[in-house]
Amino acid sequence: QVQLVETGGGLVQAGDSLRLSCAASGRTFGSYTMGWFRQAPGKEREFVAAIKWNGVNTQYKDSVEGRFTISRDSAKNTVYLQMNSLKPEDTAVYYCAADTFNKPNTVIVETYDYWGQGTQVTVSS
């Protein structure tokens, strides 16, 4: 069983930055692929970013590439999402997710076995 707890959301203005954190339980965190997804009101949950177990291979949604950075600290069992140059369209609940089997397709919801409760990010114009 893996528990994920996100923190760091909030209300910011367009152009500001936020860093989301996701603390994971479990002694084998270093072997998981970790992902960030988001869900805006009335929309489906969508992929934002993912990082493989090695901390090197990353993948991003096109609209956040260059603005968001995913990283992980295995010593702290934590994955981060640094979000810069935020836009109103980034407003959503952001979810952290863990893929404990390192499946190949990191951009779909079905890949992930465990999910956090979500943290709200609101970007005002």
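Before any of the text, the structure's been laid out above.
Here's a quick rundown of the structure. (Residues numbered from 1 in each chain as written. Predicted model: local features only at pLDDT ≥ 70, side-chain atom pairs only at ≥ 80, totals over all residues. Heavy atoms only, no water.)

1. Observations regarding the pairing of strand β3 (residues 18–24)
The cut-off we apply is this: Whether a residue is buried, partly exposed or exposed follows from its accessible area with a 1.4 Å probe, protein chains only, as a fraction of its type maximum: under 20%, in between, or over 50%, in that order. Per the convention used, a helix needs a DSSP run of H or I reaching at least four residues, while a strand needs a run of E reaching at least two, with both numbered from the N terminus. DSSP-based pairing: two strands are paired if at least 2 bridges between them are found.
By the criterion of burial, β3 is predominantly enclosed, with five of the seven residues buried. Two strands pair when backbone bridges link them, and strand β1 (residues 4–7) and β3 are joined in this way by four bridges, in the antiparallel orientation. Its bridge partner being in β3, Glu-6 is matched across the sheet by Cys-22. Two strands pair when backbone bridges link them, and β3 and strand β8 (residues 78–83) are joined in this way by six bridges, in the antiparallel orientation. The residue bridging Cys-22 from the neighbouring strand is Val-79, located in β8.

2. Description of the nonpolar core
If you look at soluble globular proteins, the nonpolar side chains tend to sit buried side by side. Counted only if it meets this: Residues enter a nonpolar core if they are buried and are Ala, Val, Leu, Ile, Met, Phe, Trp, Tyr or Cys, with the set joined through side-chain atoms within 4.5 Å.
Met-34, Trp-36, Leu-81, Met-83 and Tyr-94 are the most contacted members of the largest nonpolar core, which totals 28 residues. Mapped by element, the contributors of at least two residues to this core are β3, β4 (33–39), β5 (46–51), β7 (68–73), β8, β9 (92–99) and β11 (119–124). Judged by nonpolar contacts, the second largest core, of five residues, contains Phe-37, Phe-47, Ala-50 and Ala-97.

3. Points about the pattern of salt bridges
Side chains that differ in charge, positive against negative, can pair when their charged atoms come close. Selection rule: We define a salt bridge as a side-chain nitrogen of Lys or Arg found within 4 Å of a carboxyl oxygen belonging to Asp or Glu.
This model, assessed by the stated rule, comprises six salt bridges. The salt bridge involving Arg-38 is made with Glu-46; its shortest N-O contact spans 2.6 Å. Assessed through its relative accessible area of 28%, Glu-46 is described here as partly exposed. One continuous salt-bridge network, built from bridges that share partners, spans Arg-38, Glu-46, Lys-61, Arg-67 and Asp-90.

4. Section: the environment of Gln-117
Test applied: Residues count as neighbours in contact if any of their non-hydrogen atoms are within 4.5 Å of one another.
Relative to the assigned elements, Gln-117 resides in the loop between β10 (114–115) and β11. As for Gln-117 and Leu-4, which are separated by 113 residues in sequence, their C-alpha atoms are 7.6 Å apart. For Gln-117, the contacting residues outside a window of four places in its chain are Leu-4, Val-5, Glu-6 and Tyr-95.

This is a description of form; function is not addressed.
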